[in-house]
Amino acid sequence: MPDTAADLATPRSRVRVPLHFHDGYAVDAEAVTFHGLADGREHVALVLGEPGAVPLVRLHSECLTGDVFGSARCDCGPQLREAVERIAERGGVLLYLRQEGRGIGLYNKLDAYALQDEGLDTYEANAALGLPEDARDYTAAAQMLRALGIGELDLLSNNPDKADQLRSLGVGVRERVPTGVFTTAHNVRYLRAKVLQTRHTLPLAALAELSAG
């Protein structure tokens with residue numbers, strides 16, 4: 001965790017934002033912006049419900065195609081919707097991180113989609129473009145949590161790398177809480193690659209059956 005004055009982030013603004021999802025679910029959030037984030041990007045925290053001493057937190061990487069347009073090639077949109085409700089019920093924070101395409105950007109992500117259509121999995125496609133399999137760095141996320149006074153949390157994620165990075169940055173992760181599994185005919189290979197390549201906690205046997213089908 002950053003521990004020098006130059007590395008500290010501070011809240012910049014706080015504003016109430018009523019959220020309303022396509023299925024009718026609605027909840028109020030407090031959107032928090034920050035000064036001093038390490039990567040200079042405009043990440044935002046959504047405080048939901050009444051966070052306790054160990055809040056439920058999700059680090060959600062921006063996905064224009066999934067979050068906004070409802071793309072069925074990933075599970076990002078359904079994960080975002082689920083996370084907002086679960087965090088609001090318990091009390092916690094959703095960090096919306098501007099790391100499109102696991103950090104490679106929107107255009108590169110779409111280029112990788114084209115290679116996936118030729119048979120590569122999501123990680124192989126990144127490598128074929130000369131890009132990292134996962135370029136995300138959670139230093140700014142750790143700064144945001146510290147600025148919000150959060151030193152320990154339960155992490156809503158299937159991805160062990162998120163927990164590992166937060167712990168290495170000095171954030172206490174008491175428990176990693178799995179998200180739901182949101183499969184479509186278009187994302188089964190993507191989800192299966194997550195299990196095989198980066199140890200995501202998803203049911204591999206069920207995904208293998210769906211892939212075969």
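Structure: see above.
Note that this is a predicted model, so its numbers are computed, not measured.

Analysis parameters
- Residues numbered from 1 in each chain as written.
- Predicted model: local features only at pLDDT ≥ 70, side-chain atom pairs only at ≥ 80, totals over all residues.
- Heavy atoms only, no water.
- Helix = DSSP H or I, 4+ residues; strand = E, 2+ residues; numbered from the N terminus.
- Contact = heavy atoms within 4.5 Å.
- Buried < 20%, exposed > 50% of the residue type's maximum accessible area, 1.4 Å probe, protein only.
- Phe/Tyr/Trp six-rings, centres within 6.5 Å; stacked < 30°, edge-to-face > 60°.
- Lys NZ or Arg CZ within 6 Å of the ring centre and 35° of its normal.
- Core = buried A, V, L, I, M, F, W, Y, C linked by side-chain atoms within 4.5 Å.
- Salt bridge = Lys/Arg side-chain N within 4 Å of Asp/Glu carboxyl O.
- Polar contact = N/O pair within 3.5 Å; in protein donor to acceptor, adjacent residues only side chain to side chain.

**A word on the overall build of the protein**
Alright, step 1. Tallying secondary structure elements over the protein gives 8 helices and 7 strands in all.
Alright, step 2. Contacts in the protein between residues at least 24 apart in sequence constitute 62% of all its contacts with a sequence separation of at least 6.

**A few points about the environment of Leu48**
Alright, step 1. On the secondary structure map, Leu48 appears in strand β3 (residues 44-48).
Alright, step 2. With relative accessibility at 0%, the residue Leu48 sits in the buried group.
Alright, step 3. It is 6.2 Å that separates the C-alpha atoms of Leu48 and Ile87, two residues lying 39 residues apart in sequence.
Alright, step 4. Residue contacts for Leu48: discarding those within four places in its chain leaves Leu19, Val27, Asp28, Ala29, Val84, Ile87, Ala88, Gly91, Gly92 and Leu94.

**Re unusual backbone geometry**
Alright, step 1. Phi is positive for Arg102, which is not a glycine, with a value near 55°.
Alright, step 2. The residue Arg102 is located in the loop between β5 (92-97) and α3 (106-117) in this model.

**Details of the packing of aromatic side chains**
Alright, step 1. This structure, assessed with the given rule, holds 1 aromatic pair.
Alright, step 2. Pairing Phe21 with Tyr25 gives two aromatic rings, centres 6.2 Å apart and planes at 35°, and the pair type is tilted.
Alright, step 3. Over the aromatic face of Phe21 sits the side chain of Arg81, whose NZ or CZ is 5.6 Å from the ring centroid.

**Focus: the nonpolar core**
Alright, step 1. Ala45, Leu59, Val93, Leu95, Leu145, Leu153 and Leu166 are the most contacted members of the largest nonpolar core, which has 26 residues in total.
Alright, step 2. Looking at this core, the elements with two or more residues in it are β2 (26-35), β3, β4 (56-61), β5, α5 (139-147), β6 (152-156) and α6 (160-168).
Alright, step 3. Considering every element that reaches this core, the biggest residue donor is α5, with 5 residues.
Alright, step 4. Each residue touching Leu166, except ones within four places of it in the same chain, is listed here: Leu59, Ala142, Leu145, Leu155, Val171 and Val173.

**Quick look at the pattern of salt bridges**
Alright, step 1. Counted according to the given criterion, the structure contains 11 salt bridges.
Alright, step 2. Between Arg98 and Glu62 there is a salt bridge; the shortest N-O distance is 2.9 Å. Separated by 36 residues along the polypeptide, Arg98 in the loop between β5 and α3 and Glu62 in the loop between β4 and α1 (64-68) bring together distant segments of the chain.
Alright, step 3. Given a relative accessible area of 18%, Glu62 falls into the buried group.
Alright, step 4. Measuring nitrogen to oxygen at the nearest pair gives 3.1 Å for the salt bridge that ties Arg73 to Asp117. Of the two residues, Arg73 sits in the loop between α1 and α2 (76-90) while Asp117 sits in helix α3, which places them 44 residues apart along the sequence.
Alright, step 5. Via salt bridges that share partners, Asp23, Arg81 and Glu85 belong to a single interconnected network.

**A closer look at α6**
Alright, step 1. Taken together, the buried positions of α6 are Pro160, Lys162, Ala163, Gln165 and Leu166.
Alright, step 2. Taking the backbone nitrogen of Asp161 as reference, a side-chain oxygen 3.0 Å away marks Asn159 as the first, capping residue of α6.
Alright, step 3. Count one or two residues on from α6 and you reach Gly170, which has phi positive near 90°.

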